[in-house]
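One letter stands for each residue in the lines below.
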Amino acid sequence: MAEENSSLNIWPEIEKAEKENRRELVLQGSAVDKKIQSSSGLHPRLYSLSLLNYLEISQCPSLHEIHDNIRHLSQLQSLILCRNKITSVPKGIGDLKAIKVLDLSVNQLEALPEEICALSELNTLNVSCNSITALPNGLSKCVKLAILNVSKNALSRLPDDLWCSSLELLSSIIAPENAIEELSGEISNLPALKVLDLSSNKLQELPFELADCPKLKETNFKGNKLKDKRLEKKVNGGQTKPVLEYLRAGGKGKGKGKQPDGEVSEKPDARNVSKKKSGAKQKGQKEAEEVDELNRMVVRVLHVSKAPTEVTVKVSAGVKDVRPYIVCCVVKGMNLRQGNALKRFLAAQTKLHDEICGKRTTATIATHDLSLLKAPMLYDARPPDTLKIVPLGRREMKAAELLKQLQQDAEELRKQKKRQNVSGLHKYLQLLDGKDLYPCLVDAEDHVVSFPPITNSERTKIKKSTQELFLEVTSSTSLQICKDVMDTLIIKMAELNKLTFDAKEDVGSDEETDVISNRPTEDPASPELTVVQVKVVDVDGNLKVVYPSKTDLMSDASNLTVIR
């Protein structure tokens, strides 16, 4: 009788997903929360939607548990269970072998099951804002883990196997506001670590080996009572480089930093260090000279103070709870005129969205023709019924109308082609479900030029004639992700520009219909790109971020030269 009753009272969202063989489902907000109250939990039919690859259940304070039947959703790649009051995670989650993103933030968890370590495809684990006292041993089995966010919990330590070299993709460890007492010197085993936030913990010392993390760019140890007061002063200065240099020197002249040969010396001889640095430098120069100059890509960084016209982006306070992170820059020298250059660039952007941007769930790229922008820019959050944009290939409309229209288009397309799931732009619509405000980038004339993660504006669309590009990357996850995506995009642009330069294709061979301007059409003298810094500031003009900074664009590519 109970099973029959649950079938009769099936939730319309679940029924629709079941009927249409949907791959994405978002259950969010007060309306869903009331259903959870009346059903004493999630409807059991939810666990029969075996085709789902994206499931989000959020902002439902009446949700206290997830049934072990979650194991039946074997196709899930993203499971977002944030801002509920979940007290435990079922062991069945370990059977979700396809999971790449697991977000359990802002709940009431006190522990995670050991089975979570069986998620070999896991890329992002976010369990921030819970009451977790310990992480399970075995995280080293999650060999594709890139981002670990355990902030605002009750951890006293991080698991020993977190420092395993098998975690070669782990780039961010975010663990502020815990009770962590010690940081292992084995942290230098993590070859890709870029971001380490252990602020507001109970650390008294920092390991000297921290200086041996090859890619570490951003650290935060503020709020810890360090025994070494000189080190604490450098930590509170907010800059990573002085902290790492101090540790590398051994702190207070102790000289316990790791030497290149792997041995530890009590006091390194300054002359030996100088010789080793000189030898390493000569070796690096020799390797660089071995690279064929014809294959070399060059990116020149132009400091914002030297730019003829400064482009600034102001950030309103409203984006904090919507999509808080943004980095921007200007790129000059990109040749989109010749052959298939424009198509290759747009295809590369799409591929980056699918891969490093996690199908736009972690970040979104937007590209604009700089000549069509009116600075200064404003990164703002506006209600769906007041935000107006001219979407690519469409007339001007309100954001609410655009999303409704896109949803209708998705349904029609799916029926016409007899597909089981939506494709293209339509699969990103669920990222805005339940939001009262939508993020947008606005120019000085109050034209919305970007509506992430959905679309850009037709007003600033890049064409073959575009000579200077304004690039923007936004994220709801972290600033470092924005920077990593922008780094990857610019390096890809340098690669494509070199390809176009070498190919010597004719202008217009890709049947591009955009009208080419009367500007000179002679071939560029080189494929060199110039990247101009752009400042992002708050409404009072205080600097939030500038890109590229000295620690950005630190590529390992042997055929890329970055001139600063």
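Our subject is the structure that appears above.
These figures come from a predicted structure and were not determined experimentally.

## Things to note about unusual backbone geometry
Looking along the chain, the bond that leaves Ala 375 and enters Pro 376 is cis, with omega of 0°. Residue placement: Pro 376 occurs in the loop between strand S13 (364-369) and strand S14 (377-382). The omega angle of the peptide bond from Tyr 547 to Pro 548 is -5°, so this bond is cis rather than trans. With respect to the helices, strands and loops of the structure, Pro 548 is situated in the loop between strand S22 (543-547) and strand S23 (560-563). Within the chain, Gln 59 stands out as a residue other than glycine whose phi angle is a positive 60°. Assignment of secondary structure puts Gln 59 in the loop between strand S2 (54-58) and strand S3 (78-80). Positive phi outside glycine occurs at Cys 129, with the angle close to 60°. With respect to the helices, strands and loops of the structure, Cys 129 is situated in the loop between strand S5 (124-126) and strand S6 (147-149).

## With respect to the pattern of salt bridges
Where side chains of opposite charge bring their charged atoms close, a pairing between them can arise. One pass over the full model with this rule turns up 19 salt bridges. Here Lys 35 makes a salt bridge to Glu 13, at a shortest N to O gap of 2.7 Å. One end of the pair, Lys 35, is in helix H3 (residues 30-39); the other, Glu 13, is in helix H2 (residues 12-19), with 22 residues separating them in the sequence. When the shortest N-O distance is used, the salt bridge between Arg 22 and Glu 20 registers 3.1 Å. Accessibility expressed as a relative area gives 18% for Arg 22, which makes it buried. Three or more residues are tied together by salt bridges with common partners; here these are Asp 68, Arg 71 and Asp 95.

## Topic: the packing of helix H7 (residues 341-354) against helix H9 (residues 479-503)
At a minimum axis separation of 11 Å, H7 and H9 run at an interaxial angle of 155°. Compared by their axis directions, H7 and H9 come out roughly antiparallel. In this structure, H7 crosses over H9, and the sense of that crossing is right-handed. Residues Ala 341, Arg 344, Phe 345, Ala 348 and Leu 352 of H7 pack against Thr 488, Leu 489, Lys 492, Met 493, Leu 496, Leu 499 and Thr 500 of H9.

## As for H7
For H7, spanning 14 residues, the distance from its first C-alpha to its last is 20 Å, which sits close to the expected 20 Å at 1.5 Å a residue. For H7, the complete set of buried residues consists of Ala 341, Leu 342, Phe 345, Ala 348, Gln 349, Leu 352 and His 353. Taken around the axis of H7, the buried residues stretch over an arc of 140°, which confines them to a single face. Structurally, H7 contributes buried residues whose contacts are with S13, strand S20 (468-475) and H9.

## What about the sheet that holds S2?
One open sheet holds the nine strands; their spatial order is S1-S2-S3-S4-S5-S6-S7-S8-S9, and the pairing between them is parallel. Of all strands in the sheet, those with a lone pairing partner are strand S1 (24-28) and strand S9 (218-220), marking the two edges. Here the strands of the sheet are splayed against their neighbours by 5° on average, with no regard to which way each runs. Here S6 pairs with strand S7 (residues 172-174) via three bridges, running parallel. Pairing of Asn 149 across the sheet is with Ile 174, part of S7.

## Some points on the environment of Ile 57
Within the secondary structure, Ile 57 sits in strand S2. Linking Ile 57 and Arg 83, residues 26 residues apart in sequence, is a C-alpha distance of 8.7 Å. When near neighbours in sequence (up to four residues on either side) are disregarded, Ile 57 contacts Leu 27, Leu 42, Leu 46, Leu 63, Ile 80, Leu 81, Cys 82 and Asn 84.

## As for the environment of Lys 461
Locating Lys 461 in the fold gives a position in the loop between strand S19 (455-456) and S20. Accessibility expressed as a relative area gives 33% for Lys 461, which makes it partly exposed. Note: C-alpha distance between Lys 461 and His 368 (93 residues apart in sequence) is 5.7 Å.

## Describing the pairing of strand S12 (residues 325-332)
Successive side chains on a regular strand alternate, one facing one side of the sheet and the next facing the other. Burial analysis of S12 places six of its eight residues in the buried class, which makes it a mostly covered element. With four bridges joining them, S12 and strand S21 (residues 529-538) adopt antiparallel strand pairing. Bridge pairing in S21 places Val 331 opposite Val 531.

## Quick word on the nonpolar core
Within the largest apolar cluster, 74 residues are counted, with the highest numbers of intra-cluster contacts made by Leu 55, Leu 102, Leu 196 and Leu 210. Those elements that provide at least two residues to this core are H2, S1, H3, S2, helix H4 (229-236) and helix H5 (240-248). The biggest single contributor to this core is H5, with four residues. Ignoring any residue separated from it by four or fewer positions in sequence, one finds Leu 102 in contact with Leu 79, Ile 93, Ile 116, Leu 119, Leu 122, Thr 124, Leu 125 and Asn 126. The next biggest cluster of nonpolar side chains, apart from the first, holds 54 residues, and it includes Ala 363, Leu 489, Met 493 and Leu 496.

## Section: H5
All of the buried residues along H5 are Thr 240, Val 243, Leu 244, Tyr 246 and Leu 247. The buried residues of H5 all sit within an arc of 160° when viewed along its axis, so they share a single face. In this fold, the buried residues of H5 make contact with S9 and H4. One or two positions beyond H5, positive phi appears at Gly 250, with a value near 100°.

What counts as what
Residues numbered from 1 in each chain as written. Predicted model: local features only at pLDDT ≥ 70, side-chain atom pairs only at ≥ 80, totals over all residues. Heavy atoms only, no water. Helix = DSSP H or I, 4+ residues; strand = E, 2+ residues; numbered from the N terminus. Salt bridge = Lys/Arg side-chain N within 4 Å of Asp/Glu carboxyl O. Buried < 20%, exposed > 50% of the residue type's maximum accessible area, 1.4 Å probe, protein only. Axes fitted to C-alpha atoms, helices over the stretch in contact; angles between N-to-C directions. Parallel < 35°, antiparallel > 145°, perpendicular 65-115°, else oblique. Left-handed = near helix turned anticlockwise from the far one by under 90°. Contact = heavy atoms within 4.5 Å. Expected span 1.5 Å × (residues − 1). Arc of directions from axis to C-beta. Pairing = 2+ DSSP bridges. Core = buried A, V, L, I, M, F, W, Y, C linked by side-chain atoms within 4.5 Å.

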